[in-house]
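Survey of secondary and tertiary structure
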Amino acid sequence: MISPLTSTREEFERITEGLADALDFSRTIGAGDGMPFEKGGPKGVHGEVDFYTSHEGLMLDYEEALTRTFALPSALQQHQISNVPLIPGLQGEQISSLDGGSSRLQNSSATADQARTKQGFTGFYNTSAHFLWIGDRTRQLDGAHIEYFRGIRNPIGAKVGPSMRADELLKLVEILNPDREPGRLTLITRYGAGKIEEHLPGHIAAVQQSGVPVIWVCDPMHGKWVLRSQPISLYTQKHIDSTLTSASGLKTRNFSTIVSEVTSCLRIHSECNSKLNGVSLEFTGELSDDGFSVTECLGGSMELSEDELELRYQSFCDPRLNFEQSLDLAFLLSNHFKKERRGHSKADRHANLEAAFSSRR
């Protein structure tokens, strides 16, 4: 029998945990910092939105044309910066002079010290996006993409797939982040649910051996797709195969395959004393003219079937999670990390996450 005192204490703890979560969220988004807008302060997070863009740095001619020199932020000026070529394809080191908003590149034999302006240290920034990543097919250590990316000061990422050897990854992180700058490099893993167990532990060990700080992100959207008359394997933690054949010829993804890779990724990072820092998803809140979500990925809480794909398939490229499916995944992950903050054991967290995901497959 539960005493009234115990029940009251548990209820009080639930309330205080909820209030603590709300305060943590407010601090995370910057709410309440500084003078209120009504008293002459800035608008703050409730009055404006920071909008960031990102894309794969594939076409180097395009990326180089949009590369400019800017003064480094004060925090980075205190950080030791390696003397590396900044823009590939040009002779000597390059200095960019800003004149009336335009930029012209000048060949120069100047050293890195001479490239520093009176305003402090300068660096080369790609202005086509805030964050760029190197694709899994263009990450050769001696290739032009690595050479370009190691010279820009944007935060950068690199896709890591099953073809990446552990020793190759070790060299890659040392080339792209030689100064071991926190936040500089993000590794975006994309194995597929059937291959993550084989490759991720070794890749984590290689990065830990290097001592290079990285941000780990899971991209679970690149498992098997369905094409006309091509069966797919719907991987689960036990690799049980459920064979489907698409008669419509539409490319699709299965929610169960996506959540399987996410749950495996969380568990493997935990077992390897590492931490998954983010998830990369392709999703949309787009609605059809009659107010319904798109139908491009199978499964989820709405149990979208293969026969329903053609109802509202609107993507001209890759299939995306719809509004309901993306919320399914977001809330499940949110609950997982909430339990982590509240001190639940690793075994309990992963068991609860597996059970929750299984109910939505």
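In what follows, the structure referred to is the one given above.
Scanning the protein chain for helices and strands turns up 9 helices and 12 strands. Burial status across the protein chain gives 39% buried among its 361 residues. In the protein chain, the proportion of contacts linking residues at least 24 apart, taken out of those at least 6 apart, comes to 71%. As presented, the protein chain carries roughly 20,100 Å² of accessible surface, and 54% of it is formed by carbon and sulfur atoms.

Reading across from one edge, 1-6-7-8-9-11 is the order of the 6 strands in this open sheet, with parallel pairing throughout. Lying at the two open borders of the sheet, with one neighbouring strand each, are strand 1 (54–56) and strand 11 (278–279). As defined by bridge partners, strand 1 adjoins strand 6 (residues 131–134) across 3 bridges and the pair is classed as parallel. Pairing of Ser 54 across the sheet is with Phe 131, part of strand 6.

Moving on: the side chain of Thr 284. Locating Thr 284 in the fold gives a position in the loop between strand 11 and strand 12 (297–298). Residue classification places Thr 284 among the buried residues on the basis of a relative accessible area of 11%. The residues contacting Thr 284, other than those within four sequence positions of it, are Val 294, Arg 320, Leu 321, Asn 322 and Phe 323.

Bringing the packing of helix 5 (residues 166–176) against helix 6 (residues 196–210) into the picture now. Interaxial distance between helix 5 and helix 6 falls to 9 Å at its minimum, and their mutual angle equals 40°. Relative to helix 6, the element helix 5 lies oblique. In the packing of helix 5 onto helix 6, the handedness of the crossing is right-handed. In this structure, helix 5 uses Ala 166, Leu 169, Leu 170, Val 173 and Glu 174 to contact helix 6, whose residues at the interface are Gly 202, His 203, Ala 206, Val 207, Gln 209 and Ser 210. For the contact of helix 5 with helix 6, the per-class residue count stands at 6 nonpolar, 4 polar and 1 charged.

Conventions we followed
- Residues numbered from 1 in each chain as written.
- Predicted model: local features only at pLDDT ≥ 70, side-chain atom pairs only at ≥ 80, totals over all residues.
- Heavy atoms only, no water.
- Helix = DSSP H or I, 4+ residues; strand = E, 2+ residues; numbered from the N terminus.
- Buried < 20%, exposed > 50% of the residue type's maximum accessible area, 1.4 Å probe, protein only.
- Contact = heavy atoms within 4.5 Å.
- Areas by Shrake-Rupley, 256 points an atom, 1.4 Å probe, with all protein chains shown as cover.
- Pairing = 2+ DSSP bridges.
- Axes fitted to C-alpha atoms, helices over the stretch in contact; angles between N-to-C directions.
- Parallel < 35°, antiparallel > 145°, perpendicular 65-115°, else oblique.
- Left-handed = near helix turned anticlockwise from the far one by under 90°.
- Nonpolar A, V, L, I, M, F, W, Y, C, P; charged D, E, K, R; others polar.

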